[in-house]
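What follows is the residue order along each chain.
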Amino acid sequence: MSSHTSAPVTLDRDQHTLIITINRPDARNAVDAAVNQAVGDAMESAEKDNDIRAVVLTGAGDKAFCAGADLKAIARGENIVPTEGHRAAWGFAGYVSHHISKPTIAAVNGMALGGGTELVLASDLAVVSSEAILGLPEVKRGLIAGAGGLFRLPQQIPRKLALELTFTGEPLPAQRALQLGLVNHVVRPNQVLDRALSLARTIGQNAPLAVQASKRIAKRIVDGTVGPEATDWELTAQEFRKLQESDDALEGPRAFAEKRAPVWTGH
């Protein structure tokens, strides 16, 4: 697969690794419908390609890995995550519920708040810039983390710490994320992709079918789905729909746009 610099997502190969780059640095690599489709299709292609043994997901530039959903695209009425067809099952960015057998590595080259952190949580491994910031700040805007963060964070770090981060919305620096075991490696900003590719090459040296079987067992993937997560996704969707109808869900983004403190009513 070759790279196309003007595309919203670029694809490159390094030995047996597919590199997926969200290529919207001017929008802090926020996810719109085009990114969602391109990443999802690339993941599907990687799963079917016997020569690909690992996938690295990263963002263009050095400021942001991914800023989450593109709020401007949503404001235009764009449905950034399909609700019908086979792509609907893949979730946010075509990635968070897209369970492939090939190991996935997040190469986090900058800020990764909200949806960006949920991409890290969905990845098997993560290499993070020392300057990266993670976290789920949605509650500060009257919203919730709807792309798996609310159930995956307590699975991947101590539960009480996960709940503190979820309830406060406070950011998580890279070194603290490393201490908690949320990420595998923290490196200098200019070393993120190289370290992720080095990790992918080490994986690629092993027997691919054995690695893939190991991942399916570890993550309980059967026919591309993870059964134990089904209830978590359903509950997330239910709560998200109810919250969207609240006054607070409107107040949060409005206050953010007007650069003022939100006034919550609890309605």
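Up top you'll find the structure we're talking about.
The model shown is predicted, which means the values in this text are computed figures rather than measured ones. (Residues numbered from 1 in each chain as written. Predicted model: local features only at pLDDT ≥ 70, side-chain atom pairs only at ≥ 80, totals over all residues. Heavy atoms only, no water.)

Participant: Whenever I open this one, the nonpolar core confuses me. Can you help?
Facilitator: Across soluble globular proteins, nonpolar side chains have a tendency to be buried as a group. Counting residues in hydrophobic clusters, the biggest one holds 48 residues, and the most contacted among them are Ile 20, Phe 65, Leu 119 and Leu 182. Looking at this core, the element that brings in the most residues is helix 1 (residues 33–48), giving five residues. With residues near it in sequence (within four places) discarded, Leu 119 still touches Ile 22, Leu 57, Phe 65, Cys 66, Phe 92, Ala 93, Tyr 95 and Val 96. Of all hydrophobic cores here, the second largest spans 14 residues; its members include Ile 19, Ala 107, Ala 196 and Ile 203. (Core = buried A, V, L, I, M, F, W, Y, C linked by side-chain atoms within 4.5 Å. Buried < 20%, exposed > 50% of the residue type's maximum accessible area, 1.4 Å probe, protein only. Helix = DSSP H or I, 4+ residues; strand = E, 2+ residues; numbered from the N terminus. Contact = heavy atoms within 4.5 Å.)

Participant: What exactly am I supposed to notice about empty space enclosed by the protein here?
Facilitator: Empty space among the atoms becomes visible once a probe the size of a water molecule is rolled across them. Considering all chains together, one arrives at three cavities of 30 Å³ or more under this definition. The calculated volume of the largest cavity comes to roughly 90 Å³. Lining the largest cavity are 14 residues; nearest its centre among them are His 98, His 99, Ala 122, Lys 215 and Lys 219. Per-class residue counts for the lining of the largest cavity are six nonpolar, four polar and four charged. What the second largest cavity holds in volume is close to 50 Å³. Contributing to the lining of the second largest cavity are Thr 117, Leu 134, Gly 135, Leu 136, Leu 153, Leu 165, Thr 166, Leu 172 and Leu 182. When contributions to the lining of the second largest cavity are tallied by element, the ones reaching two or more residues are strand 7 (133–135) and helix 5 (159–168). (1 Å grid on protein atoms, 1.4 Å probe; cavity = no way out; pocket = protein on both sides within 12 Å on 5 of 7 lines; lining within 4 Å. Points joined across faces, edges and corners; volume = space filled by probe spheres on them. Nonpolar A, V, L, I, M, F, W, Y, C, P; charged D, E, K, R; others polar.)

Participant: I'm lost on the sheet that holds strand 8 (residues 172–173) in this one. Help?
Facilitator: Backbone-to-backbone hydrogen bonds pair the strands of a sheet. The strands run either parallel or antiparallel. Reading across from one edge, 5-7-8 is the order of the three strands in this open sheet, with mixed pairing throughout. One side of each edge strand has no neighbouring strand; the edge strands of this open sheet are strand 5 (112–113) and strand 8. The pairing of strand 7 with strand 8 spans two bridges and is classified as antiparallel. Within strand 8, the position partnered with Leu 134 by the bridge is Leu 172. (Pairing = 2+ DSSP bridges.)

Participant: For this particular structure, what's the right way to read helix 7 (residues 192–204)?
Facilitator: Side chains of residues three or four places apart in an α-helix project in the same direction, reflecting 3.6 residues per turn. Its 13 residues place the ends of helix 7 18 Å apart at the C-alpha level, agreeing with the 18 Å of an ideal helix rising 1.5 Å per residue. Three or more residues of helix 7 are buried, namely Val 192, Ala 196, Leu 197, Leu 199, Ala 200, Ile 203 and Gly 204. Projected down its long axis, helix 7 carries its buried residues within an arc of 155 degrees, all on one side. (Expected span 1.5 Å × (residues − 1). Arc of directions from axis to C-beta.)

Participant: Got a minute to help me understand the sheet that holds strand 9 (residues 185–187) in this structure?
Facilitator: Spatially, six strands are ordered 1-2-3-4-6-9 in an open sheet, and the strand pairing comes out mixed. Strand pairing shows two members of the sheet lacking a second neighbour, strand 1 (9–14) and strand 9, which therefore form its edges. When strand polarity is set aside, the average angle formed by the axes of neighbouring strands in this sheet is 20 degrees. (Axes fitted to C-alpha atoms, helices over the stretch in contact; angles between N-to-C directions.)

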